[in-house]
Amino acid sequence: FYERAAGAHQYPPLGIAISCIELGPLVYFFDYSDKLAVRKHIVRAWGIESAYISSWMHALNYLRNDCAHHVRVWNKQFFKLPQIPKYSTDRRWYCEYSETEQAWVLPASRHRAQPCVSSHSPACFMFVCRHLMQRIAPTSSWHHRMEDLLHAYSANGGDLGMTGLPRHWETHPLWTGTAVDDTRK
């Protein structure tokens, strides 16, 4: 950067500086940037409220550290949890699979609505990652690679229930990025 800019800037642009920072410090940068325009820009771009982004970043940093140190995560009960958005914020988290309709639907009563995954489960982390990937890198094939990996695991006798994934998870609106029918509020 400095060679190209030849002293035109005292500091590198934020995008270049961020690309050199590890995830842990980046999480804290986000937490302490509440008055900065960059935080508002991230919130808008990712389509999720600030408190959820902070929670997700902390949880994903914890998951990243577990993965880096080869900790078993496929059926782990996590303690640094991604916060699941409220029903009023994103109803897709509360969809139920209807065998009758062969589709994911909203519960008949929002007052009895439960999230489709536990925030303690790897499934929640997968849905969080999928949501973020849809916003950050919409052309990424990450979700297809994850599906292939999980199908191969299941075909070899693995129990996907241990991950906390619901049945028919591949068609869930959070996974596919589709909207839900809001007529059943």
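As the structure is a prediction and not an experimental result, all values here were calculated from the model.

A. Structural detail: helix H7 (residues 142-155). Across its 14 residues, H7 extends 20 Å between first and last C-alpha, which sits within 8% of the 20 Å expected from 1.5 Å per residue. Turning to H7, its buried residues are Trp142, His143, Met146, Glu147 and Leu150. The buried residues of H7 occupy one face: seen down the axis, they fall within an arc of 135 degrees. Those residues of H7 that are exposed and angled more than 90 degrees off the buried face are Arg145, Asp148, Leu149 and Ala155. Along its buried surface, H7 packs onto helix H6 (122-136) and helix H8 (173-176). At the exit of H7 stands glycine 157, carrying a positive phi of roughly 95 degrees.

B. Representation of the environment of serine 121 within the structure. Tracing the backbone shows serine 121 in the loop between strand S2 (103-105) and H6. Owing to a relative accessible area of 5%, serine 121 belongs among the buried residues under this scheme. When the C-alpha atoms of serine 121 and glycine 164 are compared, they prove to be 5.4 Å apart, with 43 residues separating the residues in sequence. The contacts of serine 121, once residues within four sequence positions are left out, are Lys76, Phe78, Thr163 and Gly164.

C. Representation of the nonpolar core. Counting residues in each nonpolar core, the largest one holds 40 residues, and the members touching the most others are Trp93 and Phe127. For this core, the secondary structure elements donating two or more residues are helix H3 (23-31), helix H4 (37-46), helix H5 (50-68), H6, H7 and H8. Filtering out sequence-adjacent residues up to four positions away, phenylalanine 127 remains in contact with Trp93, Cys116, Val117, Leu165, Trp169, His172, Leu174 and Trp175.

D. Local environment of the packing of aromatic side chains. A full pass over the atoms with the stated rule returns nine aromatic pairs. Between tryptophan 56 and tryptophan 93, the ring centres sit 6.2 Å apart and the planes meet at 55 degrees, which makes this aromatic pair tilted. Remark: tryptophan 93 occurs in the loop between H5 and strand S1 (96-98) and tryptophan 56 occurs in helix H5; sequence separation between them is 37 residues. Since its relative accessible area comes to 1%, tryptophan 56 is described here as buried. For the pair tryptophan 142 and tryptophan 175, a centre-to-centre distance of 5.7 Å together with 45 degrees between the ring planes defines the contact as tilted. In this pair, tryptophan 142 sits in helix H7 while tryptophan 175 sits in helix H8, placing the two residues 33 residues apart along the sequence.

E. View of the environment of glutamine 77. Examined against the element boundaries, glutamine 77 turns out to sit in the loop between H5 and S1. Residues glutamine 77 and histidine 120 lie 43 residues apart in sequence; the distance between their C-alpha atoms is 5.1 Å.

F. Representation of the state of the cysteines within the structure. The tally for this structure, following the rule as stated, stands at zero disulfides. Between cysteine 67, a free cysteine, and cysteine 129, which holds the nearest cysteine sulfur, the sulfur-to-sulfur gap is 9.3 Å. With no disulfide partner, cysteine 116 has as its closest neighbouring cysteine sulfur the one in cysteine 95, 7.2 Å distant.

Thresholds applied
Residues numbered from 1 in each chain as written. Predicted model: local features only at pLDDT ≥ 70, side-chain atom pairs only at ≥ 80, totals over all residues. Heavy atoms only, no water. Helix = DSSP H or I, 4+ residues; strand = E, 2+ residues; numbered from the N terminus. Expected span 1.5 Å × (residues − 1). Buried < 20%, exposed > 50% of the residue type's maximum accessible area, 1.4 Å probe, protein only. Arc of directions from axis to C-beta. Contact = heavy atoms within 4.5 Å. Core = buried A, V, L, I, M, F, W, Y, C linked by side-chain atoms within 4.5 Å. Phe/Tyr/Trp six-rings, centres within 6.5 Å; stacked < 30°, edge-to-face > 60°. Disulfide = S-S within 2.5 Å.

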